[in-house]
Amino acid sequence: MTASAFRRPSGEPSRYHDMHRRSLADPQGFWSEAAEAVDWYQKPAKAFDPDLGVYGRWFVGGVCNTCYNALDRHVVGGRGGQAAMIYDSPVTATKKTFTYAELLAEVKTFAAVLAEFGVEKGDRVILYMPMVPEAVVAMLACARLGAVHSVVFGGFAAKELATRIDDAEPKLILTASCGIEASRIVAYKPLLDEALALARFKPDSCIVLQRPQKRADLMPGRDYDWASMREAARAGGKTADCVRVAATDPLYILYTSGTTGRPKGVVRDNGGHMVALIWSMRNLYGIAPGEVWWTASDIGWVVGHSYIVYAPLLLGATTILYEGKPIGTPDAGAFWRVISEHGAVALFTAPTAFRAIKKEDPDGKLMAQYDLKNFRTLFLAGERADPDTIQWAERLLNVPVIDHWWQTETGWAIAGNPVGIGMLPVKHGSPTVPMPGYDVRIVDEAGKDVAPNRMGSIVIKLPLPPACLPTLWRQDARMRESYLTEFPGFYKTADAGFIDDDGYVYVMGRTDDIINVAGHRLSTGGMEEVLASHRDVAECAVIGIHDDLKGEVPCGFIVLKSGVERSPAEIEKEIVALVRDKIGPVAAFKLAITVARLPKTRSGKILRGTMKKIADGEAWTMPATIDDPMALDEIRHELESHGVGALQGAS
Ligand code: COA
Ligand code: AMP
């Protein structure tokens, strides 16, 4: 690991260590103080109640509204004329700024539309939408009514959407006619129609935002035109007030890949979420109200929920909603343009975005034409940040590049470098130190603490801090079984890594079947279910293999049923199309390889770990328990004939 040139500018000691110690020694006091940053209708009786819920609940007795805190109070407090959201969409050549007063007016109106459809506190509303202002308005409108939104990423296919519809049972679905990718227009409505045909649960209605790039057919009696509904409410002067909700009531459900094809419905509460996000904006990211902040992600991911929508608005900052890519819209200078044009002081994105820029413009020539004088910090998360990319970004931008580690489940960083309270020295390869409330430990298989610098499972001592998931939607038992049972008293992150002598955390990879493709979290188990459903496939395995741009990409191995006479190449093509159709383009599944058999242990376990090492060209050892050593050679041969993997043999 190398140390970065970027250190705390002043000689003042960081306040981090004292703060972290206090957050663990006195969580009630620490988080009660942080909760002062929220406007409550009724203050919580105490910060944490260990006797409620699966492992306790935060801010029990508190009554609040997240939309009020994100919008109304800023208008009341004099920020009405300040920009709340800047929509910058190179794919539609549109830029539009919404002040806090304007955004509030939109949200009040759209909340009235939702209320007319009968949406009430506790009802679920699914959003299947691109990165347009209406999506943010709709999320906040749900929050205003106490309804629970569930945003489904646009790159998921109909079947994935159907699974989420069946689990969330939404009263209403909000969608747009299309999304716009750099190279094509994605018609969303046919995907929604297919999902509704597949789903057991049938929502009452859908509201469809018609975009001029591709309009959708509406089904009379079920589908309603967004613009007309909004206009009718606006013309009629209809608005909806904030509904009081308990701090512990759900704000949203966000589905994330689990270890099977069945996604997990991560629940986020209202009170704890606000408290932790506001704390993080000031202390981790070092952002002040009124500053311009940019998260280049998608509202379909947790990063988008927390740091495009909620955190910047809760703080009273200006957020940028960017409908574009790091490259191709139109070029690898897009990020520099957005930062300079809107005066962003910080950017938060996934390392893959920077790898993409580095590939297209290795010398950063496109940056020369932009003025980045306001820009202070780059934050990276979503996947392991490789030191090469971090160093490249540091050299180019000449600002600190901060890697930080978190999960959909936690809603904010587990480990990071707290720029706002005194940055610690950056060590490349480490997302730095645990954030307040996170008591991070490394344990062995028996749950025993391991020594510094030794690899193990990363676990967090309960309770988790505010904003972390209290449970999975309607599945307390699955919450316990997935996260809390294996290491009693601890939350299992399913990441593996180590902590060094200075207390820096290193996150090296997952302990389950999750892979990270361009910062997107996907289950190889889910992909295997799709491969196995093909009529000619007898057996299969999917592994994540190294990719210079996306970090990892999936690679599927299939064994055909005996008697199948069609060519393997034809079947492989069908398999690739099947994954795209069932999971979506986001899976980036482009490689299926037919093999005569899969390498297994004598007890029948597929040796996925060794297959991955072979594909990545890493050194590997022949597992002692292997059934037939020749099976691994066959895999190596097939990978090489598909242009993957490597020269290293078994040692
Ligand atoms: N709706 C529909 N399709 C989508 C989509 C969306 N919202 N987002 C992505 N897709 C499609 C893409 O068009 C692509 O389709 P293709 O196979 O036809 O080319 C596929 O899903 C894979 O997308 P992606 O992994 O994003 O790859 P890409 O080649 O389009 O772009 C990067 C590569 C690196 C530029 C891109 O991944 C990126 O900007 N990543 C940033 C990561 C990020 O935001 N992570 C979120 C967590 S912080
Ligand atoms: P998601 O739920 O999509 O945010 O994905 C969470 C997973 O992404 C984590 O469990 C890690 O495996 C990985 N991850 C996220 N951020 C980092 C990081 N900074 N370093 C290493 N891995 C990361």
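Rules and cut-offs
Residues numbered from 1 in each chain as written. Chains lettered and ligands numbered in written order. Predicted model: local features only at pLDDT ≥ 70, side-chain atom pairs only at ≥ 80, totals over all residues. Heavy atoms only, no water. Near = heavy atom within 4 Å. Polar contact = N/O pair within 3.5 Å; in protein donor to acceptor, adjacent residues only side chain to side chain. Areas by Shrake-Rupley, 256 points an atom, 1.4 Å probe, with all protein chains shown as cover. Nonpolar A, V, L, I, M, F, W, Y, C, P; charged D, E, K, R; others polar. Disulfide = S-S within 2.5 Å. Buried < 20%, exposed > 50% of the residue type's maximum accessible area, 1.4 Å probe, protein only. Helix = DSSP H or I, 4+ residues; strand = E, 2+ residues; numbered from the N terminus. Pairing = 2+ DSSP bridges. Right-handed = clockwise from strand over helix to strand, strands pointing away. Core = buried A, V, L, I, M, F, W, Y, C linked by side-chain atoms within 4.5 Å. Contact = heavy atoms within 4.5 Å. Expected span 1.5 Å × (residues − 1). Phe/Tyr/Trp six-rings, centres within 6.5 Å; stacked < 30°, edge-to-face > 60°. Lys NZ or Arg CZ within 6 Å of the ring centre and 35° of its normal. Axes fitted to C-alpha atoms, helices over the stretch in contact; angles between N-to-C directions. Domains from an automatic or database assignment. Buried area = accessible area lost by both parts, 1.4 Å probe. Salt bridge = Lys/Arg side-chain N within 4 Å of Asp/Glu carboxyl O.

Asker: Explain the site of ligand 2 to me, using residue names and the numbers behind them.
Answerer: In the vicinity of ligand 2 there are 14 residues, among which His 404, Thr 408, Asp 495, Arg 510 and Arg 521 approach most closely. Measuring from a nitrogen atom of ligand 2, one finds a backbone N or O atom of Gly 382 at 3.1 Å. Interatomic distance of 2.8 Å between a side-chain N/O atom of Asp 403 and a nitrogen atom of ligand 2. About the coverage of ligand 2: the protein hides 93% of its 490 Å² of free accessible area. In terms of residue class, the shell around ligand 2 is made up of three nonpolar, five polar and six charged.

Asker: Please provide a residue-by-residue account of the site of ligand 1, values included.
Answerer: With respect to spatial proximity, 24 residues lie near ligand 1, and among them Glu 181, Arg 184, Pro 326, Lys 550 and Arg 580 are the closest. At a separation of 2.6 Å, an oxygen atom of ligand 1 approaches a polar side-chain atom of Glu 181. Taking Lys 590, its side chain carries an N or O atom lying 3.2 Å from an oxygen atom of ligand 1. Burial of ligand 1 by the surrounding chains reaches 85%, relative to a free accessible area of 940 Å².

Asker: Just give me the short version of the state of the cysteines, but keep the residues and values in it.
Answerer: Within this structure, the stated rule accounts for zero disulfides. Just so you know, Cys 242 is unpaired, no disulfide at all, and the nearest cysteine sulfur is the one on Cys 67, 4.9 Å from it. Summary of cysteine pairing: Cys 555 is not part of a disulfide, and the nearest cysteine sulfur, belonging to Cys 540, is at 12 Å. For Cys 555, a relative accessible area of 0% puts it in the buried group.

Asker: Lay out the pairing of strand E19 (residues 377-380) with the relevant residues and their values.
Answerer: The alternating pattern of E19 places Thr 377 and Phe 379 on one face and Leu 378 and Leu 380 on the opposite face, and all of these are buried. With four bridges connecting them, strand E18 (residues 346-349) and E19 associate as parallel partners. Across the sheet, Phe 348 pairs through a bridge with Phe 379, a residue of E19. The sheet contact formed by E19 and strand E20 (residues 401-403) spans three bridges and is parallel. Bridging from a neighbouring strand, Leu 380 pairs with Asp 403 of E20. Each parallel crossover has a hand, and the one from E19 via helix H13 (residues 387-397) to E20 is right-handed.

Asker: I'd love a proper account of the nonpolar core, names of residues and values included.
Answerer: If you look at the biggest cluster of nonpolar residues, it comprises 127 residues, and the most contacted ones within it are Leu 140, Leu 174 and Trp 412. Discounting chain neighbours no more than four positions away, the residues touching Leu 140 are Cys 67, Ala 70, Leu 71, Leu 103, Val 107, Val 309, Tyr 310 and Leu 313. If you look at the next biggest cluster of nonpolar residues, it comprises 67 residues, including Leu 161, Val 530, Ala 588 and Phe 589.

Asker: Explain the environment of Asp 512 to me, and be specific about the residues and the numbers.
Answerer: Inspection of the secondary structure assignment puts Asp 512 in the loop between strand E26 (505-510) and strand E27 (514-517). In the structure, Asp 512 is positioned 12 residues away from Thr 524 in sequence and 9.4 Å away in space, judged by C-alpha atoms.

Asker: Talk me through helix H5 (residues 133-145); I want residue IDs and the actual numbers.
Answerer: Compared with an ideal rise of 1.5 Å per residue, which puts 13 residues at 18 Å, H5 spans 19 Å between its outermost C-alpha atoms and is within 8% of the ideal. Within H5, burial applies to Pro 133, Ala 135, Val 136, Val 137, Ala 138, Met 139, Leu 140, Ala 141, Cys 142, Ala 143, Arg 144 and Leu 145. Positioned one or two residues after H5, Gly 146 has a phi angle of 75°, which is positive.

Asker: So what's going on with the packing of aromatic side chains? Residues and values would help.
Answerer: Each aromatic ring pair is described using two quantities: the centre-to-centre distance and the angle formed by the ring planes. Under the definition given, this model contains 33 aromatic pairs. Geometrically, the ring pair formed by Tyr 41 and Tyr 68 is tilted, given 6.1 Å between the ring centres and 50° between the ring planes. With Tyr 41 in the loop between helix H2 (27-34) and strand E1 (48-49) and Tyr 68 in helix H3 (residues 66-79), this pair connects stretches of sequence that are 27 residues apart. For Tyr 41, a relative accessible area of 31% puts it in the partly exposed group. Residue classification places Tyr 68 among the partly exposed positions, given a relative accessible area of 22%. The ring of Phe 156 carries the charged tip of Arg 164 above its face, separated from the ring centre by 4.7 Å.

Asker: Residues and numbers for the sheet that holds strand E5 (residues 94-99), please.
Answerer: The seven strands lie next to each other as E5-E4-E17-E16-E18-E19-E20, forming an open sheet whose pairing is mixed. If you trace the sheet from one side to the other, it starts and ends with E5 and E20, each paired once. With strand direction ignored, the average angle separating the axes of adjacent strands in the sheet is 20°. Lying over the sheet, helix H10 (residues 302-315) contacts strand E4 (83-89), strand E16 (292-295), strand E17 (318-322) and E18, oriented at roughly 150° with respect to E17.

Asker: Describe the domain arrangement of the protein, naming the residues involved and giving the relevant values.
Answerer: Examined at the domain level, the protein breaks down into domain 1 (16-324 + 404-498) and domain 2 (518-641). Summarising the inter-unit geometry, the C-alpha centres of domain 1 and domain 2 are found 34 Å apart. Between domain 1 and domain 2, the contact holds 17 residues from the first and 14 residues from the second. Surface buried jointly by domain 1 and domain 2 totals about 1,200 Å² across both partners, of which 49% is contributed by carbon and sulfur atoms. At the boundary of domain 1 and domain 2, one finds six residue pairs in polar contact (both at pLDDT 80 or more). Grouping the constituent residues of the side of domain 1 that touches domain 2 by class yields four nonpolar, nine polar and four charged.

Asker: Account for helix H15 (residues 524-532), naming residues and giving values.
Answerer: Helical periodicity: at 3.6 residues per turn, an α-helix aligns residues three or four positions apart in one direction. Of all nine residues in H15, seven are buried; the element is thus mostly enclosed. Considered for burial, the residues of H15 that qualify are Thr 524, Gly 525, Gly 526, Met 527, Glu 528, Val 530 and Leu 531. Lining the buried residues of H15 we find E27, strand E28 (520-523), strand E29 (537-547), strand E30 (551-560), helix H16 (568-582) and helix H17 (608-616). Put simply, Ser 523 is the residue that caps the front of H15, since its side-chain oxygen is 3.2 Å from the backbone nitrogen of Gly 525.

Asker: Any chance you could break down the sheet that holds strand E24 (residues 456-461) for me, citing the residues and the numbers?
Answerer: Within a sheet, adjacent strands bond to each other through the backbone by hydrogen bonds, running parallel or antiparallel. Ordered by their spatial adjacency, four strands build an open sheet running E23-E24-E25-E26, and the pairing between neighbours is antiparallel. In this open sheet, the two strands that pair with only one neighbour each are strand E23 (440-443) and E26. Taken pair by pair, the neighbouring strands of this sheet meet at an average axis angle of 50°, ignoring direction.

Asker: Could you give an account of the pattern of salt bridges, naming the residues involved and the relevant values?
Answerer: The final tally for this structure, using the stated rule, is 45 salt bridges. Here Arg 597 ties to Asp 628 by a salt bridge, and the two come within 2.7 Å at their closest N and O atoms. Of the two residues, Arg 597 sits in the loop between strand E31 (591-594) and H17 while Asp 628 sits in the loop between H17 and helix H18 (630-641), which places them 31 residues apart along the sequence. Judged by relative accessible area, which is 29%, Arg 597 ranks as partly exposed.

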